[in-house]
Amino acid sequence: MYDLSGYKIKDEPVILGIESSCDDTACAVIKGRCVLSDEVMSSAALMEKYGGVVPEIASRAHTDAVDLVTKKALEKAGLSVRCVDAVAATYGAGLLGSLLVGLSFGKALAYALRVPFLAVNHIRGHIASAYLEDPRLMPPFVTLLASGGHTAILHTVDEERFEVLAETSDDAVGEAFDKCARVLGLPYPGGPNIQRLAKEGSATITFPSAEVRDKSALRFSYSGLKTSVMNYCQRAEQRGTAVDRADVAASFTKAAIDPLVKRTVEFALALGVETVTCGGGVAANEYLRAEMSRACSEHGLKLILPALARCTDNAAMIASEGYNMYIRGMFSGMSKNAAARIPLW
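Analysis parameters
- Residues numbered from 1 in each chain as written.
- Predicted model: local features only at pLDDT ≥ 70, side-chain atom pairs only at ≥ 80, totals over all residues.
- Heavy atoms only, no water.
- Helix = DSSP H or I, 4+ residues; strand = E, 2+ residues; numbered from the N terminus.
- Rg over C-alpha atoms; globule rule 2.2 N^0.38 Å.
- Buried < 20%, exposed > 50% of the residue type's maximum accessible area, 1.4 Å probe, protein only.
- Contact = heavy atoms within 4.5 Å.
- Areas by Shrake-Rupley, 256 points an atom, 1.4 Å probe, with all protein chains shown as cover.
- Lys, Arg positive; Asp, Glu negative; His and termini not counted.
- Charge placed at Lys NZ, Arg CZ, Asp CG, Glu CD.
- Pairing = 2+ DSSP bridges.
- Phe/Tyr/Trp six-rings, centres within 6.5 Å; stacked < 30°, edge-to-face > 60°.
- Lys NZ or Arg CZ within 6 Å of the ring centre and 35° of its normal.

Novice: I keep staring at the overall build of the protein and nothing clicks. Help me out?
Specialist: Secondary structure summary: the protein contains ten helices and twelve strands in total. Relative to a compact globule of 345 residues, whose C-alpha radius of gyration would be 20 Å, the protein shows 21 Å and is just as compact. For the C-alpha atoms alone, the extent of the protein along its principal axes is close to 70 × 50 × 35 Å. Counting over 345 residues, the protein shows a buried share of 54%. The long-range share in the protein, meaning contacts at least 24 apart out of those at least 6 apart in sequence, stands at 74%. Entry remark: accessible area of the protein is about 14900 Å², with carbon and sulfur atoms responsible for 51%. Distance between charge centroids for the protein: 2 Å, based on 36 positive and 39 negative side chains.

Novice: What am I meant to see in unusual backbone geometry here?
Specialist: Glycine aside, the phi torsion of most residues is negative, and most peptide linkages are trans. Here the bond from Pro139 into Pro140 is cis, since omega is 5 degrees, no more than 30 degrees from zero. Counting through the fold element by element, Pro140 comes out in the loop between helix H4 (122-133) and strand E6 (141-146). The peptide bond linking Tyr188 to Pro189 adopts the cis configuration, its omega dihedral lying at 0 degrees. Topologically, Pro189 is positioned in the loop between helix H5 (173-183) and helix H6 (190-198). For Arg114, which is not a glycine, the phi torsion comes out positive at approximately 60 degrees. Mapped onto the fold, Arg114 is located in the loop between helix H3 (96-113) and strand E5 (117-121).

Novice: How should the pairing of strand E8 (residues 162-168) be read in this particular structure?
Specialist: Looking down a regular strand, the side chains alternate between one sheet face and the other. Where strand E7 (residues 151-156) and E8 come together, five bridges link them in antiparallel fashion. Opposite Ala152, over in E8, you have Glu167 as the bridge partner. Where E7 folds back onto E8 in an antiparallel hairpin, the turn is made up of five residues. Sheet topology note: the E8/strand E10 (residues 217-220) ladder contains two bridges and is parallel. Within E10, the position partnered with Thr168 by the bridge is Phe220.

Novice: What exactly am I supposed to notice about the packing of aromatic side chains here?
Specialist: One pair of aromatic rings is described through two measures. These are the centre distance and the angle between the planes. With the rule as written, the count across this model stands at six aromatic pairs. Ring centres 6.0 Å apart and planes at 75 degrees place the aromatic pair Tyr131 and Phe141 in the edge-to-face group. With Tyr131 in helix H4 and Phe141 in strand E6, this residue pair connects regions lying ten residues apart in the sequence. Note on accessibility: Tyr131 and Phe141 belong to one class, buried. An angle of 75 degrees between the planes, with centres 4.9 Å apart, marks the rings of Phe177 and Phe252 as edge-to-face. Within this pair, whereas Phe177 is found in helix H5, its partner Phe252 is found in helix H8 (residues 245-271), the two being separated by 75 residues in sequence. A relative accessible area of 3% places Phe177 in the buried class. Of the residues examined, Phe252 reaches a relative accessible area of 0% and is grouped as buried. These aromatic residues form a ring-pair network of at least three members: Tyr7, Tyr326 and Phe331. Here the guanidinium or amino end of Arg33 rests over the ring plane of Tyr131, the centre of that ring lying 4.3 Å away. Positioned above the aromatic ring of Tyr91, the side-chain terminus of Lys336 is 4.2 Å from the ring centre.

The following block contains the structure:
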């Protein structure tokens, strides 16, 4: 570990964040809670040819892009790299090869600049995106985390402590969207394509709710919902009946999202929390955003929704969580390694 003894924590540090957990290579620069730049180089078009993310190809794409996207972010922010006070990078969860690229680059940059390095939990980054939308946000608040890898309702007690109120027992909601898209013959990425198709249909098909009760605990299950959609389409094919794909998409979306919205609001009310936030790729879904806005307004709750660009994987959220760590002096060592799976908190 390089020597940081005597380092003085700044009130409004310039933090450079790097995100490379999947197929997007991203770099952002923030000052305090203000986003100065947020650049992304996506390999989604390349992955579309394979019907999804190929880990080896993704890691090679990150290797080609990470230096370039960092230079673009600094240029957009109008800053020299010497103005950076700390470097934050995702260490998990995600694709191991992809994570290693961004993590190694971030550690090397911090070492070269002799500034603190901050290894960030990707999921905490999604939660921290809310601070960028409203810098005045203070815990406690309730967060709906809905992504391709996680589905959970969390109680943010303070910047360090989270309580898991409910989570999925199998598939994540984002993964279910991708699988449903494949059943309907839609290209990758599944979520946006399901959304576009659902706009043309009506939620007239009754699919099982994603909510289940596991003993006394509330959980969500998306494997059953995914299977129900698959069976519905297969039975129709066997009967020689045409499937209205738009109605399937709309009905699936309602069954997948309604329980998340309902229970998030109920938890906030039960805990006496006045603010609800959302994070993760599925937080970009128009139906979820509309229903959550309606439900929070109906019950007098303040809702903070991240901008669409901050729902999917991005570096600004990593820098934001890095800021939370920085102001408390929670610096990471150079030995910090990437991890494909890490605890939610």
